[in-house]
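Residue strings, one per chain:
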Amino acid sequence: MKWNPKVRATIACFGLVFIFTIFSFRLVFLQVAKHDQYTALAARKHFSSEILYAPRGVIEDINQEVLAEDVPVRKAFADGSIINDPAGLAEVFAKPLEMDRGQLAGELAELQSLATQARLARLAGRISKTPPGVCDHILNKDVSVSEEVAASLLDEMRKRSLRGIFFKPDSVRNYPNGSMLCHVLGYLNHDHAGVGGIEESLDAKLHGRNGFRYFEHDRTGKELVAYGSQEQAPRRGCDVRLTVDMGLQNIVEKELDAAYRQYKPVTAVGIIMRPKTGEILAMVNRPDFDPNELSDDKLQDRRNVAIESLVEPGSVFKIVPVGAAFNEKLFSPLSVIDCEWGHFKYGGRILHDHKPMGELTVQDVLAKSSNIGAAKIGITLGDQRLYEYIRKFGFGERTDVSLPGESAGEVSPPYRWSKLSITRLPMGQEVGVTPLQLITAMSAIANGGRLMMPQIVHEIVDEQGGVVTSFPPVEIRQVISETAAKEVRVALEGVERKGGTAVAAAVPGIIGAGKTGTAQRKGPNNGYLHDKYVLSFVGMLPADDPEFVCLVMLDSPTVKTQEENYGGQVAGPIFERIAEKAACHLNIVPHFDTPLRIALTQAKTR
Amino acid sequence: MIEVGSVTRWLVAVFFLGVMGLSYVYLKNHLHTTGGQIKSLESELTELTAENDLLRTKISTLSSQKVLQRRLDENFIKMIPIAEDRIVRIYAPEPRTGEIRAVSNEGPAK
């Protein structure tokens, strides 16, 4: 064959056709057969998604004072694939991230090496994508920095031509009042989930719905807005408005703090409740904690003793048999009971009073807190009736307050009682109650015999301020008649009068009513400790139409003499100080037949 | 000889295509610039929102009971509690209708 130009041209043409055919096949193969694979690859390279964090709802008090809110911060992450100088980055970031410089440099160098290995493995086809954590490795999850600090650090990085650390938006929960109301509010864990208090019980409402942003970016990572993006805005969580009044809370906190320092009890509790609605206006526990600065060494301090701890209530419980007896018309307030001069033999055991007393009216049984008088009332009521009234007052069941971890209490049914139980229960032994149950029962007395469900949440409000859920007062049941409740209230007024067990609990200018409690602490082997007492006082103000009920309870306080170890001596004065300030705060008008406290001031002349 | 009509038609077509091309480039560029501006405004808005949140946090912290109590204890507003020895207890007379209330009861204590 002659290699003339025509033949050469023909061969060249065929060659070109062949080459272009191969190219065409390859193009068709890439565009059609491998379309999905390469589209996905391109999307991975050019599309990014970003989570838009939804702020958690705010918790407020009844006057809309902020108690818990989110603060925007930034969390530092490292991208091993673009780190260029681990030592330089460590120099800039070690201090703000509260890390050791050498440790941070080592961590970044290791990440850089992992990213290189992953890149090689990907090129060799051993893995399809970079392992998680190499390109977004969180640096010290416990530390976040403010927006300003993050911006200045990024500036410093740019100045030094450093690469490899970036910030993601995050938030931390801020509790402006620190430890105040900490047991009611609770706190958040590392995953932003509520632990304890309202943060836990209303987590689903407080937690917002995160949004997202799906966008295309160029080679440098800059967003290409022109090509559009998909975005769903985050939805902020609902705000929770509590029934708590921080003015009252502050009063109780201060007084209980002083008592905690003075008497050094194991625990101390103070609660104020509005009896007509069951609203909790203040709830304080000691010891406490600061939800802004949590440490793992004092987990015990995070217990909400007011709803979790069970105690034998002591004499405060006498309101139950006396209320029941009045309701059943077995006794009237002026019925006389022989208190046996402090020696009452029943079931083979002798029951004592704190001091010998003869014949007392039922009113005086409460005012002077006679155990024998209460026991005799219990015996007259009988096992079944007494048990029914104990349950009717709400003991032995959860109050269903919107706080987690509430105890139901311990009330044994009559078939499990011993022969002595009928004399022990009326004086608050052989029964386990929470401080919240106790104040709720006293509130029933203050509220004409109507037992109200304790409320700590007033309403839940959405982002626009619309009410999502409101919590109207819930009447559980009429425990005793209005007349019987009034008779108990009148009898309880005697507790704060001369001859009563808590004269020191009387608020000058306002007639109050209340009941002391001095319960021996249970020790090992089901016996009682002789030097450990739970001292309490539960009172109401004003007695004729109570605006609030207040409970003060101290577990095992340290007192100088054994004579001081009574509820009226220790808890009574604390109640008086709280109640006086609370009355002022709630603008309760003093009565005119009792002495008034007046400040000596220079009189204005007109 | 040049046919004027034909040349004109070509010139119009080329001009039209040129204008179309330039418009496309202009619009594309405009879209890109506007996109950048939108992004920048969005970032600014996010920063302002975050700044606003921070300021709100500062307000709620500074107006919290705890801080106000501390400021009060520091004698910031020059208020001092009335000492026990400056308080007397008196028996107020039974008020007649229309009589002014005792001084201790004046005004709500908020």
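Rules used throughout
- Residues numbered from 1 in each chain as written.
- Chains lettered and ligands numbered in written order.
- Predicted model: local features only at pLDDT ≥ 70, side-chain atom pairs only at ≥ 80, totals over all residues.
- Heavy atoms only, no water.
- Helix = DSSP H or I, 4+ residues; strand = E, 2+ residues; numbered from the N terminus.
- Buried < 20%, exposed > 50% of the residue type's maximum accessible area, 1.4 Å probe, protein only.
- Phe/Tyr/Trp six-rings, centres within 6.5 Å; stacked < 30°, edge-to-face > 60°.
- Lys NZ or Arg CZ within 6 Å of the ring centre and 35° of its normal.
- 1 Å grid on protein atoms, 1.4 Å probe; cavity = no way out; pocket = protein on both sides within 12 Å on 5 of 7 lines; lining within 4 Å.
- Points joined across faces, edges and corners; volume = space filled by probe spheres on them.
- Pairing = 2+ DSSP bridges.
- Axes fitted to C-alpha atoms, helices over the stretch in contact; angles between N-to-C directions.
- Contact = heavy atoms within 4.5 Å.
- Patch = residues over 30% accessible without salt bridge, like charges linked within 9 Å, V, L, I, M, F, W, Y side chains within 5 Å.
- Areas by Shrake-Rupley, 256 points an atom, 1.4 Å probe, with all protein chains shown as cover.
- Salt bridge = Lys/Arg side-chain N within 4 Å of Asp/Glu carboxyl O.
- Lys, Arg positive; Asp, Glu negative; His and termini not counted.
- Charge placed at Lys NZ, Arg CZ, Asp CG, Glu CD.
- pLDDT = per-residue confidence, 0-100.
- Expected span 1.5 Å × (residues − 1).

1. Notes on the overall build of chain B
Part 1: The helix and strand inventory of chain B stands at two helices and one strand.
Part 2: Mapped in sequence order, the helices and strands of chain B form the string α-α-β.
Part 3: Put simply, chain B has 110 residues, and 12% of those count as buried.

2. Describing the packing of aromatic side chains
All names here are of chain A.
Part 1: By the definition in use, this model includes nine aromatic pairs over all chains.
Part 2: Centre to centre, the rings of F47 and Y214 are 5.5 Å apart; their planes meet at 15 degrees, and the pair counts as stacked. A residue pair is termed long-range when its members are at least 10 positions apart, and F47 in strand β1 (residues 47–52) and Y214 in strand β8 (residues 211–216) qualify at 167 residues.
Part 3: In this structure F47 comes out as partly exposed when scored by relative accessible area, which is 30%.
Part 4: Y214 sits in the partly exposed class, given a relative accessible area of 35%.
Part 5: Stacked on the ring of F77, the Lys or Arg K168 has its end atom at 4.5 Å from the ring centre.
Part 6: Against the face of Y389 rests K392, its NZ or CZ located 4.8 Å from the ring centre.

3. A short note on empty space enclosed by the protein
Residue and element names in this part refer to chain A.
Part 1: Within this structure, the stated rule accounts for one cavity of 30 Å³ or more.
Part 2: In this structure, the largest cavity encloses a volume near 40 Å³.
Part 3: Looking at the largest cavity, the residues that line it are S179, L181, C182, H183, Q249, E253, M283, V284, N285, R286 and D288.
Part 4: Secondary-structure elements contributing two or more residues to the lining of the largest cavity are α6 (182–185), α9 (246–263) and β12 (279–286).
Part 5: Here the lining of the largest cavity gets four residues from one element, more than from any other, and that element is β12.

4. A few points about the sheet that holds strand β22 (residues 528–541) of chain A
All names here are of chain A.
Part 1: With antiparallel pairing, the five strands of this open sheet are ordered in space as β12-β11-β23-β22-β21. The open sheet has two edge strands with one neighbour each: β12 and β21 (513–522). Between one strand and the next, the sheet's axes are offset by a mean angle of 10 degrees, whatever the strand orientation.
Part 2: Of the strands in this sheet, β11 (267–274), β12, β21, β22 and β23 (548–555) are in contact with helix α16 (residues 435–446), which crosses β23 at around 150 degrees.
Part 3: Sheet strands in contact with helix α17 (residues 482–493) are β21 and β22, and its direction is about 75 degrees off that of β21.

5. Re unusual backbone geometry
Residues and elements named next belong to chain A.
Part 1: Cis geometry is adopted by the peptide bond preceding P287, which originates at R286 and carries an omega value of 5 degrees.
Part 2: Along the polypeptide, P287 turns up in the loop between β12 and α10 (305–308).
Part 3: The peptide bond linking L541 to P542 adopts the cis configuration, its omega dihedral lying at -20 degrees.
Part 4: Relative to the assigned elements, P542 resides in the loop between β22 and β23.
Part 5: We note that W341 has phi near 55 degrees; this positive angle belongs to a residue other than glycine.

6. Section: the side chain of A:E493
Residues and elements named next belong to chain A.
Part 1: For E493, the position within the fold is in helix α17.
Part 2: Judged by its relative accessible area of 14%, E493 falls in the buried class.
Part 3: In this structure, E493 is in contact with I511, G512, A513 and A543, ignoring residues within four places of it in sequence.

7. A closer look at a negative patch on the surface
Part 1: A cluster of acidic residues, A:E148, B:E44, B:E47 and B:E51, forms a negative patch at the surface.
Part 2: A total of three residues in the negative patch trace back to one element, the largest contributor, which is helix α1 (residues 4–62) of chain B.
Part 3: Tracing the chain through its elements places B:E44 in helix α1.

8. Section: the confidence of the model for chain B
Residue and element names in this part refer to chain B.
Part 1: Overall, the prediction assigns chain B a mean pLDDT of 79, with 79% of residues at 70 or greater.
Part 2: Segment residues 101–110 is flagged for pLDDT under 50; beyond a separation of four residues in sequence, or across chains, it makes 16 contacts in the model.
Part 3: Predicted as a complex, the structure gets a pTM of 0.82 and an ipTM equal to 0.72.

9. Quick notes on α1(B)
Part 1: Between the first and last C-alpha of α1(B) there are 84 Å, a value that for 59 residues agrees with the 87 Å anticipated at 1.5 Å per step.
Part 2: The set of residues buried in α1(B) consists of B:G35, B:A50, B:D53, B:L54, B:T57 and B:S60.
Part 3: If you follow the buried residues of α1(B), they end up packed against β3 (66–78), α5 (147–159) and β5 (165–174) of chain A.

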